[in-house]
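Architecture at a glance
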Amino acid sequence: PKQQNIIKKYPTLLKTMSEVEQTEGASSPKPTEGAVVEENHTELPSLTERLDDADQSARSPPSEAVSPDDVDADVVDTSQIESQQRRSANHSKLRAYEAKRRSAYASKLQSSSLYWRAFRSLMHDSVLETTKAEFLLKGWTHASEIYCMSMKSVGDWCIDEKGVPVTDAKKKKKMLDAQEKEKSGASAGPGTGAGSDTSIFHAQKGNADSKRDALATAEFSMSEKCGSMIKNLASSAGSVASRYEENVNHMKQKVLPDVSSLLESLKSEIALMEKIGDSIISELEAAESEVSKAWDSYYTKAVEFSGSSSSELKSRRAGAQMGMTITPDDAVDGCSDVWLDEMRYRMAVAFLSSSWEKCSAELSNLFLSMKDTECQRRNRIKELMIESTQRQERLWLGLPSVVNPNLKELIEWPMERKLVEDDVQTSIRSRAQSIQRNDVEHKKADDSTPKAPGLSGVDENEGNFELSSPLVSDLMFKAKVIEKKSAGIMTSWKVTLAVVTSDSFLQLFELPSTCKLQSGSAPEVAFQSLIPPVVVPSMQGVKSGAKFPSTKSWFDHLVPSESIALPNCVITFKDDKTNSAFEIVETCLTSGASKVFTKTINRKLMLRAVTRDEAIDFIEALKGSK
């Protein structure tokens, strides 16, 4: 009935094992776009091939480690046997669940990582293509500018003795000044200016500068057909230069700034997308690593617990004692709480599931944003290239066979949204397949996935369910929101979540300062306040200056502030009608240099419930947790 009430109040967080097992065999959720490139249906070798000797000896259910045959008949009772059977069933289910979960998540993470790497390759090529386009147009413009300057020098007769146009500004100015001087001298009379043959004659005997100046300043008759044609050809060179100059100015003022702006914007946007995408993949890998660590810790402690003798189990799971003094010889050494590690594992899985859901959504948004950017980039590149080519067509009208095929190909390039998206998708898929083939070829022989303990030989079909809340675990005996106060004059009462586990431990969790709960509140609500919000890398987060990955651990509030072994505790309670507080004193064995002075130290805490009856009920739980 307690579990059913919890489920009704928290249907999402507290699904029970029986409800989820009814959905066994259901297909896994379809990953978002970009999550899978090629499905790999082979089982991971890490679940079946490697298991060390310690795992082999611990594969039998924990209930077999404490068999009724090995325990004195006077000690073993029905409740202890049932408790061990529940622990064994719970342990087997968790093993099956972890094996199933690892198999599914390994495939999802590999596919998402592969798809993201292919997307990064496409983004890098987008930058490279735009850079190449910018260099092409700049080079094209520079070549036109050089040709313009050369043709203008030809039209001005600024040509050296070797027939090379003079484009140097100083040399060209000197030649033009000499032309003006020669023209002014010719107006003074015949034989003294341009019409005189003596300038050319003397220039043949002079140096290179005099030869160049004489050629530039020499005039000839325009009445002859040959001279007229030469003059017209020189004039046409100037006209060609003017048209090239117009084209160069247009490229410098209109096209090249747009290409440069497009490239810079693309680089900035892709750098941001890469940062977010890499952070998301790293976040998923880190969350998976946390689950693996939590499972290793739980499995190690569960195996150690199952390997304990019946007498050790009895002493470890004994409840607190009333009105007694615990001596060093009576203190129980090696107390451990499996529930705490199981709780951490369950919450690590819940955190991973939430991270996957949010990270998948962010990756999908990232892919859609990149597709939009790529479509816009290709459209803009097409427009600029068409504009540049059309401008060149006006200059190259005499060479239509060179220009028209390229122009026709550009104009016929389809730019419908669906066709562009299909082209982008095909490009990404082919790149991903190529990357995957390269990874397989260069994979090292010893680069195998490490195997987790306790997962070999597990039937994954039994793990097809969702983990429920740690508060409904078989390893938990009682949970309650009470007040605590440490020893000392200046201490005050603080609201805390107290959990009594079946391993005879009292775990006290301090509630966050933002939590407004009071003593007597529902334990489920208090435990929910310990769970931090899941924050994954996003576009908005990066722009707001958030750091990824976060420097704060998500598990901070789920670490108990006090962990008390009840077999080493003595409870003092003054039973009257108004008292609801009691004292608990834990005797702790000293370690290290402290052993020289004393073997034990005492730790005192005051706990207070809302009413006297609740205090007595909680004391009974502390005395008899199983």
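Residues numbered from 1 in each chain as written. Predicted model: local features only at pLDDT ≥ 70, side-chain atom pairs only at ≥ 80, totals over all residues. Heavy atoms only, no water.

Helix and strand counts for the protein chain come out as 16 helices and eight strands. Taking all 626 residues of the protein chain together, 42% fall into the buried category. In the protein chain, once contacts between residues fewer than 6 apart in sequence are set aside, the share between residues at least 24 apart is 77%. Accessible surface, the protein chain as shown: approximately 34000 Å² in total, 52% of it carbon and sulfur. (Helix = DSSP H or I, 4+ residues; strand = E, 2+ residues; numbered from the N terminus. Buried < 20%, exposed > 50% of the residue type's maximum accessible area, 1.4 Å probe, protein only. Contact = heavy atoms within 4.5 Å. Areas by Shrake-Rupley, 256 points an atom, 1.4 Å probe, with all protein chains shown as cover.)

This next bit is on the environment of glutamine 436. Along the chain, glutamine 436 turns up in helix 13 (residues 417–441). For glutamine 436, a relative accessible area of 23% puts it in the partly exposed group. Each C-alpha atom of the pair glutamine 436 and arginine 117 lies 9.9 Å from the other, and the pair is 319 residues apart in sequence.

Here we take up unusual backbone geometry. Located in the positive-phi region is tryptophan 157, a residue other than glycine, with phi close to 60°. With respect to the helices and strands, the residue tryptophan 157 is situated in the loop between helix 5 (78–155) and helix 6 (169–186).

Right, let's get into the nonpolar core. Ranked by size, the top nonpolar core spans 75 residues in total, and within it Phe119, Trp295, Tyr345, Leu497 and Phe527 carry the most contacts. For this core, the secondary structure elements donating two or more residues are helix 5, helix 9 (225–306), helix 11 (338–395), helix 13, strand 2 (476–486), strand 3 (494–501) and helix 14 (523–530). Excluding residues within four positions of it along the chain, phenylalanine 527 makes contact with Met343, Met347, Pro470, Leu471, Leu497 and Leu558. (Core = buried A, V, L, I, M, F, W, Y, C linked by side-chain atoms within 4.5 Å.)

A few words on the sheet that holds strand 2. The strand order across the open sheet built from eight strands is 1-6-7-8-2-3-4-5, with neighbouring strands paired in mixed fashion. Edge strands, defined here as strands with exactly one partner in the open sheet, are strand 1 (321–322) and strand 5 (562–565). With nine bridges connecting them, strand 7 (residues 581–589) and strand 8 (residues 600–608) associate as antiparallel partners. Following the sheet pairing, phenylalanine 582 is matched in strand 8 by leucine 607. Sheet contacts for helix 16 (residues 612–624): strand 1, strand 2, strand 3, strand 4 (505–510), strand 6 (569–572) and strand 7; angle to strand 2, the most-contacted strand, approximately 115°. (Pairing = 2+ DSSP bridges. Axes fitted to C-alpha atoms, helices over the stretch in contact; angles between N-to-C directions.)

Before going further, it helps to examine the pattern of salt bridges. Summed over all chains, the structure comprises 33 salt bridges. Arginine 391 is the salt-bridge partner of glutamate 246, the closest N and O atoms lying 4.0 Å from each other. Linking glutamate 246 in helix 9 with arginine 391 in helix 11, this pair joins segments that are 145 residues apart in sequence. Taking the relative accessible area as the measure of exposure, glutamate 246 reaches 51% and is therefore exposed. You can call arginine 391 buried: its relative accessible area is 17%. Notably, a salt bridge pairs glutamate 374 with arginine 378, separated by 2.7 Å at the nearest N-O pair. Of this pair, glutamate 374 and arginine 378 both sit in helix 11, four residues apart, which is roughly one turn of the helix. Classification of arginine 378 by relative accessible area gives buried; the value is 11%. (Salt bridge = Lys/Arg side-chain N within 4 Å of Asp/Glu carboxyl O.)

Honestly, that's just the spatial picture; any functional story needs more than this.
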